[in-house]
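A structural walkthrough
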Amino acid sequence: MTTPNMTARRALGACAALMVGALTLTGCGGNASADAKGGKDGKDGGTSAKTSTAKIVISAKDGSTDASINATGVKVSDGRLTDVKMTVSGSGTAVPGAITADGTGWKPTAQLERGTKYQISATAKDASGRTAAANAIFTTVSSSNSFIGTYTPDNGTTVGVGMPVSFNFDKVISNQKAVQSHITVTSSSGQQVAGHWFGSQRLDFRPETYWKAGSKVTMKIDLDGVEGANGVFGVQKKTVTFTVGRSQVSTVDVNTQTMTVVRDGKTLKTVPISAGSPEHTTYNGQMVISEKFVQTRMNGSTVGYGGEYDIPDVPHAMRLTSSGTFIHGNYWYNRGNPPFGQQGTSHGCVGLADVQGAQGDTSAKWFYDNSLVGDVVVVKNSPDKTVSPDNGLNGWNMSWSAWTAGSTV
């Protein structure tokens, strides 16, 4: 037999169970943003608790697998962030970051890693001190689904007037227009700068003539999220600036085996050299110094000459082509019959008198000390062909019309 008291207790128990279920469902909800609305007065005279008006947005969507390694962060409106924690999922390694001075944003202090799973938890308070929270677990874009461009020159460097901006991408770029349109190169000199594609993975920029001495060049890279090929996206977003130093162009005349160094229109020095031998001639054309080494090893087998030479300590070496042409010091020459200013004896390089160990007051050391990456070395009167524009940073060997024809924007 059921009494009225027993019926009432059962009804209260059922209500309690329903309330617990409702609370459980509410407590399990969570996503990358928190947007709470204020409560409304009940008709029965009671008032529901008002929730925070602060709205937190995490840029990387919860569960996403292609999050940016540059733009990931947290923002809040109608409130101030009080705490943000970002960790590598699984290991729990903390990712350092900082809340902005006004409390409305947070960003990691360093670029994130590609193909890595992260977790962000953020809390904020509105003007009334009420708390809002948001969280997200996401994975950054993978290496296989992204591309980067290795570029030269580096930020903050000073280079010669012949230095182009050169990008080498780690993936084939099929959407070249989209990629090029998100890289801009400008100069304080006001010179027009145009891009040129060498194949599908290299993009260079230069003006019609050499950069003006003393100018500042700014390169803006805005490739983050740009689709360079089907399903392959850029991840870089930065601004790079470099300075163009004094103008120096050195001309090697193979007929006279001499090099004349001209700086800012004035001849500094004429130096005796030894260019390529009749069997191994030196390229003609305008070549840009792309690397400098106080000493380096030169092995003929790496450039198609078999075991003809292997010198472990070539002094004052400066690269002119990617195929192996250098202007460098020579200490192994015949002391009884020095070739400098007399005859070509090299395997295609331009040699200057030097001593082993890269010490001493020599022609090679003087030229090395007075040269910048980006300076131009012009070779003329060689029986060889003109160097290919893509063999090193040597696009100056292409007419302006041909150069601009290789642009996609």
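This is a predicted model, so every value here is computed, not measured.

Thresholds applied
Residues numbered from 1 in each chain as written. Predicted model: local features only at pLDDT ≥ 70, side-chain atom pairs only at ≥ 80, totals over all residues. Heavy atoms only, no water. Helix = DSSP H or I, 4+ residues; strand = E, 2+ residues; numbered from the N terminus. Contact = heavy atoms within 4.5 Å. Areas by Shrake-Rupley, 256 points an atom, 1.4 Å probe, with all protein chains shown as cover. Buried < 20%, exposed > 50% of the residue type's maximum accessible area, 1.4 Å probe, protein only. Polar contact = N/O pair within 3.5 Å; in protein donor to acceptor, adjacent residues only side chain to side chain. Pairing = 2+ DSSP bridges. Phe/Tyr/Trp six-rings, centres within 6.5 Å; stacked < 30°, edge-to-face > 60°. Axes fitted to C-alpha atoms, helices over the stretch in contact; angles between N-to-C directions. 1 Å grid on protein atoms, 1.4 Å probe; cavity = no way out; pocket = protein on both sides within 12 Å on 5 of 7 lines; lining within 4 Å. Points joined across faces, edges and corners; volume = space filled by probe spheres on them.

In this section: the overall build of the chain. Within the chain one finds 4 helices and 28 strands. Sequence-distant contacts, at least 24 apart, represent 64% of the contacts inside the chain between residues at least 6 apart. Put simply, the chain shows about 20,300 Å² of open surface, and 52% of that area lies on carbon and sulfur atoms.

Right, let's talk about the side chain of Thr72 for a bit. For Thr72, the position within the fold is in the loop between strand E2 (55–58) and strand E3 (74–77). Judged by relative accessible area, which is 3%, Thr72 ranks as buried. Of the polar contacts made by the side chain of Thr72, one reaches the backbone oxygen of Ser68; its length is 2.6 Å. With sequence-adjacent residues up to four places away left out, Thr72 is seen in contact with Ser59, Ala60, Ala67, Met86, Lys107, Pro108, Leu112, Ile120 and Phe138.

To continue, consider the sheet that holds strand E19 (residues 237–244). The 4 strands are arranged E11-E19-E16-E13 in an open sheet whose pairing can be described as mixed. Whereas interior strands pair on both sides, the edge strands pair on one side only; in this sheet they are strand E11 (158–159) and strand E13 (183–187). Bridge count between strand E16 (residues 216–222) and E19: 7 bridges; the pairing is antiparallel. The residue bridging Lys220 from the neighbouring strand is Thr239, located in E19.

Only one face of E16 is buried: it carries Val217, Met219 and Ile221, and the other face, with Lys216, Thr218, Lys220 and Asp222, is open. As paired elements, E13 and E16 share 5 bridges and run antiparallel to each other. Within E16, the residue paired with Thr186 across the bridge is Thr218.

Take the packing of aromatic side chains next. Within this structure, the stated rule accounts for 10 aromatic pairs. Each ring, one from Phe147 and one from Phe169, has its centre 5.8 Å from the other, and the planes form 75°; the classification is edge-to-face. With a gap of 22 residues between them, Phe147 in strand E9 (residues 146–147) and Phe169 in strand E12 (residues 165–169) connect regions that are remote in the sequence. One exposure class covers both Phe147 and Phe169, and it is buried. An aromatic cluster is built from Phe147, Tyr151, Phe167, Phe169 and Trp197, whose rings are joined through pairwise contacts.

The next thing to look at is the environment of Gly73. Relative to the elements of secondary structure, Gly73 occurs in the loop between E2 and E3. A relative accessible area of 9% places Gly73 in the buried class. Setting aside chain neighbours within four positions, we find Gly73 in contact with Val57, Ile58, Ser59 and Trp106.

Topologically, Val217 is positioned in strand E16. Val217 sits in the buried class, given a relative accessible area of 0%. Counting along the chain gives 26 residues from Val217 to Thr243, while the straight-line C-alpha distance between them is 6.2 Å. In contact with Val217, other than residues within four places in its own chain, are Val185, Thr186, Ser187, Trp211, Val240, Thr241, Phe242 and Val244.

Before going further, it helps to examine the side chain of Thr243. As for its placement among the helices and strands, Thr243 is situated in strand E19. In terms of polar contacts, Thr243 uses its side chain to reach the side chain of Lys216, at 3.0 Å. Dropping the residues within four chain positions of it, Thr243 is found in contact with Thr157, Thr158, Val159, Ser215 and Lys216.

In this structure, Pro272 sits in strand E22 (residues 266–272). Once the C-alpha coordinates of Pro272 and Val252 are considered, the two residues, 20 residues apart in sequence, prove to be 9.3 Å apart. Once residues within four sequence positions are removed from consideration, Pro272 is found in contact with Gln257, Thr258, Phe340 and Gly341.

Moving on, we get to the sheet that holds strand E10 (residues 149–152). Either a parallel or an antiparallel arrangement is found when strands of a sheet pair, and the pairing is made through backbone hydrogen bonds. The strand order across the open sheet built from 4 strands is E10-E12-E15-E14, with neighbouring strands paired in antiparallel fashion. Here the strands that pair on one side only, and so sit at the sheet edges, are E10 and strand E14 (193–198). Shown here is a sheet whose adjacent strand axes are inclined to one another by a mean of 20°, direction ignored. When E14 meets strand E15 (residues 202–207), the two strands line up antiparallel, connected through 6 bridges. Residue pairing in the sheet places Gly195 in a bridge with Phe205 of E15.

Empty space within the second largest pocket amounts to approximately 300 Å³. In terms of lining, the second largest pocket is formed by 17 residues, of which the most central are Asn330, Trp332, Thr345, Ser346 and His347. When contributions to the lining of the second largest pocket are tallied by element, the ones reaching two or more residues are strand E25 (310–319) and strand E26 (326–330).

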